[in-house]
Amino acid sequence: MNVKELSKYISDGELDQKLKELYVDTSLIDLERKRYLTSLEKFAQNFGDSGDVGIYSAPGRSEVCGNHTDHQHGLCVAASINLDVVAIARPRTDGLVNVLSEGYDMIIVDSAELKYAQAEQSSTKALIKGVLKGMKEDGYAIGGFDCYLTSNVIVGAGLSSSAAFENALGTVINHLYNDGKINAIEIAKASKFAENVYFGKPCGLLDQMASSVGGLINIDFKDVENPDVKKIDVDFSSFGYSLCIVDVHASHADLTPEYAAIPQEMKSVAEFFGQTHLRNVNPEDFYANIAKIREVCSDRSVLRAYHFFEEEENVQNLVKKLEQKDFPGFLHFVKASGNSSYKFLQNIYSLKNPEKQSVSIALAFSQKYLETQKGSKDSKGVCRVHGGGFAGTIQAFVKDQYVQEYKENIEGIFGKDSCHVLKVRQCGSIKVI
């Protein structure tokens, strides 16, 4: 369908059932319908209204457990959420990729000229070129297209806005030039390649995988080329809790060296044992050799390695509790994971600016509000650092009857609309229509 036909289709409510599946909350359907219609209008204004177009969606993600374990080939649990990047796209025959993101200038890339350029590092253009190059190197077809994108995934908030952007482009390429035959894991790999090699951020595969695959998933990265992905069949709403993400309005700018230090320091401990990643180190050998490790590695490296081994156990226990429908047990290990990140991984604030500790403030006052009663059974919920850390967001699982009160309390500190009450989305990056 062309823009005019698609607009009528959406206006007539023909897409409402799909919107309900994607955004879970029925109260959002009107808003999302208008968002799609506006995006089609913007596409037509910038690229014309002739020819068939497709609509694509790639969700943000929320990490639940397994903080900074993926780059060490470890275990994690993550969930796709009902915030996403929506892309309107149409193929071109000249090989040019024209990408216009809402609120930004047009970026033009020639799909035949994808050479890495250091001067483009940390730019959106680098991500676009990187996704194209990653898919091409994996043997998939690429080509030109016009694309308009809009996103409500909070930037710099630990919800993986960049992974959603990358996966949206990968999904467009998949359907325009590969008949939709590329699986979600391969799209995630191309997105990670873009972020690591072209953008210059040494992230693992968790963000891209959670966005691409979708739902609540348990990922084992022992074989990073072929990670084991298992969907967990559980409905959070049935337990009477909501997922709240609090944006502390602290910037991720200039934090790349701090993120990079985490895998580097963990790797230094693995190298003590002749390994490249901590997953290949026996935990008992690690605990038995702390004194010797400290002779060649920093204490922070030791603590970050300790966090990794603790997190491996946290993930396994958390998954068991979910499978047993034991939600208090699940909350216990969410909290244990957060405590390990705070104490041992130490990704709560930047050492460049220790006077600014927005994440710490959010955790302190969330804990004060949520844990007013002794014991987890009497608490209103639990909280933890979310995502990469140092800035961005915290995560809280809050009893439904206390969500509004919690939202009002935490927004009294961080401002109106800083607390986002989200739903877990069951599908990953897809062609909507």
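This text gives an overview of the structure that appears in the document. All residue numbers refer to positions counted from 1 along the written sequence of the respective chain. In keeping with the predicted nature of the model, local features appear solely for residues at pLDDT of at least 70, side-chain atom pairs appear and are counted solely at 80 or more, and the whole-chain, interface and lining totals rest on all residues. Only hydrogens and water are removed before side-chain values are computed, so all heavy atoms of the structure are retained for them.

### What to know about the nonpolar core
Here's step 1: By size, the foremost hydrophobic cluster in this structure holds 55 residues, and its most contacted members are Val77, Ile128, Leu318, Phe330 and Phe397.
Here's step 2: Secondary structure elements follow DSSP: runs of H or I of four or more residues count as helices, runs of E of two or more count as strands, with numbering from the N terminus. Among the elements that make up this core, the one with the highest residue count is strand β2 (residues 75-91) (8 residues).
Here's step 3: Discounting chain neighbours no more than four positions away, the residues touching Ile128 are Val97, Val99, Ile107, Val109, Phe165 and Leu169.
Here's step 4: Grouped together as the second largest cluster of nonpolar side chains are 20 residues, Leu6, Leu19, Ile55 and Leu100 included. Nonpolar core, defined: a set of buried Ala, Val, Leu, Ile, Met, Phe, Trp, Tyr and Cys residues in which side-chain atoms within 4.5 Å join the residues together. Think of it in three bands: residues with accessible area under 20% of the maximum for their type are buried, residues over 50% are exposed, and the middle band is partly exposed, with areas taken using a 1.4 Å probe on protein chains only. In this description, contact between two residues means that some pair of their heavy atoms is separated by no more than 4.5 Å.

### A short note on the pairing of strand β3 (residues 96-101)
Here's step 1: In terms of burial, β3 is largely enclosed, as 5 of its 6 residues are buried.
Here's step 2: DSSP bridges decide pairing: two strands pair if at least two such bridges lie between them. Note that β3 and strand β4 (residues 107-110) share 4 bridges and pair antiparallel. If you follow Asn98 over to β4, its bridge partner there is Ile108.
Here's step 3: Between β3 and β4, which pair antiparallel and follow one another directly, the connecting turn spans 5 residues, one of which, Gly103, has a positive phi of 90°.
Here's step 4: Of the pairings in the sheet, the one linking β3 to strand β5 (residues 145-151) comprises 5 bridges and is parallel in character. Directly across from Val99, in β5, lies its bridge partner Cys147.

### Thoughts on the packing of aromatic side chains
Here's step 1: The rule is short: rings of Phe, Tyr and Trp, with Trp giving its six-membered ring, pair when the centres are within 6.5 Å, and they are stacked under 30 degrees, edge-to-face over 60, tilted in between. All told, the structure shown has 17 aromatic pairs when counted by the stated rule.
Here's step 2: Judged by centre distance (4.9 Å) and plane angle (45°), the ring pair of Tyr241 and Phe327 falls under tilted. With Tyr241 in strand β8 (residues 241-247) and Phe327 in helix α12 (residues 327-345), the pair connects residues that are 86 residues apart, well separated along the chain. Both residues of the pair, Tyr241 and Phe327, belong to the buried class.
Here's step 3: When the centroid spacing of 5.4 Å and the interplanar angle of 75° are considered together, the rings of Tyr259 and Phe390 count as edge-to-face. Of this pair, Tyr259 sits in helix α8 (residues 256-272) while Phe390 sits in the loop between β9 (381-385) and β10 (393-399); the two residues are 131 residues apart in sequence, bridging distant segments of the chain.

### Considering the sheet that holds strand β11 (residues 419-422)
Here's step 1: Taken in spatial order, the 4 strands make up an open sheet running β9-β10-β8-β11, and their pairing is antiparallel. Only two strands of the sheet have a single partner each, and these edge strands are β9 and β11. Within this sheet the neighbouring strands show an average axis-to-axis angle of 25°, counted without direction.
Here's step 2: In terms of strand pairing, β8 meets β10 through 7 bridges, oriented antiparallel. Bridging across to β10, Ile245 finds its partner in Gln395.
Here's step 3: Of the strands in this sheet, β9 and β10 touch helix α13 (residues 358-370), which is tilted by about 170° from β9.
Here's step 4: To define axes, lines are fitted to C-alpha atoms, for helices over the stretch in contact only, and angles between the resulting N-to-C directions are given on a 0 to 180 degree scale. Each of β8, β10 and β11 is contacted by helix α14 (residues 403-414), which is oriented at about 5° to β8, the strand it contacts most.

### Some details on the packing of helix α11 (residues 299-323) against α12
Here's step 1: Relative to each other, α11 and α12 sit at 170°, their axes nearing to 9 Å. It follows that α11 is roughly antiparallel to α12 by the angle criterion. Of α12, the residues touching α11 (which contributes Leu303, Arg304, Tyr306, His307, Glu310, Glu311, Asn314, Asn317, Leu318, Lys321 and Leu322) are Gly329, Phe330, Phe333, Val334, Ala336, Ser337, Ser340, Ser341, Phe344 and Leu345.
Here's step 2: Looking at the contact of α11 with α12 residue by residue, the class counts come to 10 nonpolar, 7 polar and 4 charged. Angular relationships are summarised with four words: roughly parallel below 35 degrees, roughly antiparallel beyond 145, roughly perpendicular across 65 to 115, and oblique for the angles in between. The classification used treats Ala, Val, Leu, Ile, Met, Phe, Trp, Tyr, Cys and Pro as nonpolar, Asp, Glu, Lys and Arg as charged, and all other residues, Gly among them, as polar.

### A closer look at the packing of α8 against α11
Here's step 1: Here α8 crosses α11 at 90°, and the two axes come no closer than 8 Å. Between α8 and α11, the angle falls in the class roughly perpendicular. Contacts from Ala261, Ile262, Glu265, Met266, Ser268 and Val269 of α8 reach α11 at Arg300, Ser301, Val302, Arg304, Ala305, His307 and Phe308.

### Re α13
Here's step 1: One fewer than the residue count of a helix, multiplied by 1.5 Å, yields its expected span. In a regular helix each residue adds 1.5 Å, so 13 residues correspond to 18 Å; α13 covers 18 Å between its end C-alpha atoms and thus fits that length.
Here's step 2: For α13, every residue scored as buried is listed here: Val359, Ser360, Ala362, Leu363, Ser366, Tyr369 and Leu370.

### Observations regarding helix α5 (residues 161-177)
Here's step 1: Across its 17 residues, α5 extends 24 Å between first and last C-alpha, which sits within 8% of the 24 Å expected from 1.5 Å per residue.
Here's step 2: Counting buried positions along α5 gives 13 out of 17 residues, so the element sits mostly inside the fold.
Here's step 3: Just beyond α5, the residue with positive phi is Asp179, at close to 55°.

### Some thoughts on the side chain of Arg35
Here's step 1: Structurally, the position occupied by Arg35 is in helix α3 (residues 29-47).
Here's step 2: Polar contact is defined as a pair of N or O atoms within 3.5 Å, subject to the rule that within protein one atom must be able to donate a hydrogen and the other to accept it, and that residues adjacent in sequence are counted only when both atoms are side-chain atoms. Engagement of the side chain of Arg35 in a polar contact is seen with the side chain of Glu32, the distance being 2.8 Å.
Here's step 3: Discounting chain neighbours no more than four positions away, the residues touching Arg35 are Tyr23, Asp84, Val86, Thr150, Ser151 and Asn152.

### A look at a nonpolar patch on the surface
Here's step 1: Within this analysis, patches are made of residues with over 30% relative accessible area and no salt bridge. Like charges are joined at 9 Å or less; nonpolar side chains (Val, Leu, Ile, Met, Phe, Trp, Tyr) at 5 Å or less. For the area figures, the Shrake-Rupley method with a 1.4 Å probe applies, and any residue is considered shielded solely by the protein chains shown. Here, a salt bridge means any Lys or Arg side-chain nitrogen found within 4 Å of an Asp or Glu carboxyl oxygen. A surface patch of nonpolar side chains, amounting to about 260 Å² of accessible area, comprises Ile361, Phe365 and Ile413.
Here's step 2: On the secondary structure map, Phe365 appears in helix α13.
Here's step 3: Of the residues examined, Phe365 reaches a relative accessible area of 47% and is grouped as partly exposed.

### Overview of the pattern of salt bridges
Here's step 1: Throughout the structure, instances matching the rule amount to 24 salt bridges.
Here's step 2: The shortest N-O distance in the salt bridge between Arg35 and Glu32 comes to 2.8 Å. You can see Arg35 and its partner Glu32 sitting in helix α3, 3 residues apart, about one turn around the helix. Each member of the pair, Arg35 as well as Glu32, carries the same accessibility label: buried.
Here's step 3: Two residues, Arg92 and Asp146, come together in a salt bridge whose shortest N-O distance is 3.0 Å.

Worth remembering: the numbers are spatial, not functional.
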